[in-house]
Amino acid sequence: MRIATWNVNSVNARLPTVLAWLEAAQPDVVGLQEIKCLDEKFPREAFEDLGYNVETHGQKTYNGVALLSKHPMSDLRRGLPGVDASGHEAEAKQARYIEAVIETARPVRVGCLYLPNGNPIGTAKFAYKLAWFDRLQAHARTLLAQEEAFTLCGDYNVIPTREDARNPSAWTGDALFQPESQAAFRALRHLGLYDAGELGQQPPGTYTFWDYQAGAWQRDHGIRIDFHLLSPQAADRFRDVETHREARDMNKPSDHVPVVVDLED
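In this text, all values refer to a predicted model and were calculated from it rather than measured experimentally.

S.K.: I would appreciate a short explanation of the overall build of the protein chain in the present structure.
M.R.: What the protein chain contains, in helices and strands, is six helices and 14 strands. Radius of gyration (C-alpha) of the protein chain: 17 Å, near the 18 Å computed for a compact globule of 265 residues. Across its three principal directions, the C-alpha atoms of the protein chain cover 45 × 45 × 40 Å. Out of the 265 residues in the protein chain, the part that is buried amounts to 56%. Pairs at least 24 residues apart make up 69% of the contacts formed inside the protein chain by residues separated by at least 6 positions. Summed over its atoms, the accessible surface of the protein chain is roughly 11,200 Å², and 48% of this surface lies on carbon and sulfur atoms.

S.K.: What am I meant to see in the sheet that holds strand 4 (residues 65-69) here?
M.R.: The sheet built from six strands is open, its strands ordered 3-4-2-1-14-13 with mixed pairing. In the strand order of this sheet, the two ends are held by strand 3 (53-57) and strand 13 (238-243), each with one partner. For this sheet, the mean angle separating the axes of adjacent strands, direction not counted, is 15 degrees. Pairing analysis gives five bridges linking strand 3 to strand 4, with the strands arranged antiparallel. Residue pairing in the sheet places Asn-53 in a bridge with Ser-69 of strand 4. Contacts between helix 1 (residues 15-25) and the sheet are confined to strand 1 (2-7), strand 2 (29-33), strand 4 and strand 14 (259-263), with strand 1 contributing the most and set at about 160 degrees to the helix.

S.K.: So what exactly am I meant to see when it comes to the side chain of Ser-69 here?
M.R.: On the secondary structure map, Ser-69 appears in strand 4. A polar atom in the side chain of Ser-69 sits 2.8 Å from the backbone oxygen of His-71. If we skip the residues at most four places from it in the chain, Ser-69 touches Asp-28, Val-29, Gly-51, Tyr-52, Asn-53 and Ile-102.

S.K.: What am I meant to see in helix 4 (residues 179-189) here?
M.R.: Residue pairs spaced three or four apart in an α-helix point in one direction, given the helix's 3.6 residues per turn. Among all positions of helix 4, only Ser-181, Gln-182, Ala-184, Phe-185 and Leu-188 are buried. Looking straight down helix 4, one finds that the buried residues subtend no more than 160 degrees of arc, so they occupy a single side. Those residues of helix 4 that are buried are in contact with helix 3 (124-145) and strand 12 (226-230).

S.K.: What am I meant to see in the nonpolar core here?
M.R.: Most often, soluble globular proteins keep nonpolar side chains buried together rather than apart. Trp-21, Leu-22, Leu-32, Phe-42, Phe-47 and Leu-68 are the most contacted members of the largest nonpolar core, which has 27 residues in total. Mapped by element, the contributors of at least two residues to this core are strand 1, helix 1, strand 2 and strand 4. No other element matches helix 1, which puts six residues into this core. The contacts of Leu-68, once residues within four sequence positions are left out, are Leu-22, Asp-28, Val-29, Val-30, Leu-32, Phe-42, Phe-47, Tyr-52, Asn-53 and Val-54. Counting residues in each nonpolar core, the second largest holds 23 residues, with Met-1, Val-110, Ala-234 and Val-261 among its members.

S.K.: How should I be thinking about the sheet that holds strand 6 (residues 97-102) in this particular structure?
M.R.: Two pairing modes exist for strands in a sheet, parallel and antiparallel, and in both the strands are linked by backbone hydrogen bonds. Pairing in this open sheet of six strands is mixed, and the strands run 5-6-7-8-12-9 from one edge to the other. A strand with exactly one partner marks an edge of an open sheet, and here the two such strands are strand 5 (73-78) and strand 9 (194-195). Judged from the four bridges that link them, strand 5 and strand 6 form a sheet pairing that is antiparallel. Note on strand 6: the bridge partner recorded for Met-73 is Ile-102.

Parameters and conventions
- Residues numbered from 1 in each chain as written.
- Predicted model: local features only at pLDDT ≥ 70, side-chain atom pairs only at ≥ 80, totals over all residues.
- Heavy atoms only, no water.
- Helix = DSSP H or I, 4+ residues; strand = E, 2+ residues; numbered from the N terminus.
- Rg over C-alpha atoms; globule rule 2.2 N^0.38 Å.
- Buried < 20%, exposed > 50% of the residue type's maximum accessible area, 1.4 Å probe, protein only.
- Contact = heavy atoms within 4.5 Å.
- Areas by Shrake-Rupley, 256 points an atom, 1.4 Å probe, with all protein chains shown as cover.
- Pairing = 2+ DSSP bridges.
- Axes fitted to C-alpha atoms, helices over the stretch in contact; angles between N-to-C directions.
- Polar contact = N/O pair within 3.5 Å; in protein donor to acceptor, adjacent residues only side chain to side chain.
- Arc of directions from axis to C-beta.
- Core = buried A, V, L, I, M, F, W, Y, C linked by side-chain atoms within 4.5 Å.

Laid out in structure tokens, this is it:
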């Protein structure tokens, strides 16, 4: 089973590019982030025409996530459990998480996430990022207790180490590269999750994001912030991982590229 994650940076603005990549790469399941549209504005039929079932958790203009699957989906969840600091359901404000079980002979649960950016540091946005991380960790513990195969995939908006940036010094004042962000990512992994990139022994410089500004793509000033974190049961089925760098050079590209994990089915 080929499972992809991709921050598409507006699904409607980049629809021809996304469809072209899907037709070429043929993933079985896709988690999309930053769809940037309400559920009713999502171009569902275009993906259904390629054989995908579609589930969305959208938001006007910002955020939004979706799952595409060539297999039936069940046990759908929109939004992380938990409440924000005011005691209200946090996901009512920002659509950042969707999850479903992919129903095959050997089911896999896929959680697709778009973690908050958190900039600027020292503001409520950074506090929200860390609080969202806390809720993700709590949910991951619940999933791990079920002892099933799953991936938590998506745009984590974290540069975990200096090796995950071409130019680390350019990110020292950014929320993605703060010690608190890195510690939260480590704490999540240390629950017992496996980074598919490490399992596949991807070399240094395997980046997933290049900014649109300052010639970052042309100069290869990339960072690795898009991940598949696998449960032990999914890691046991791991076969390969691919980072589709060529997608950054397509017509009207996203600033992220797809990351595809291949699990035994």
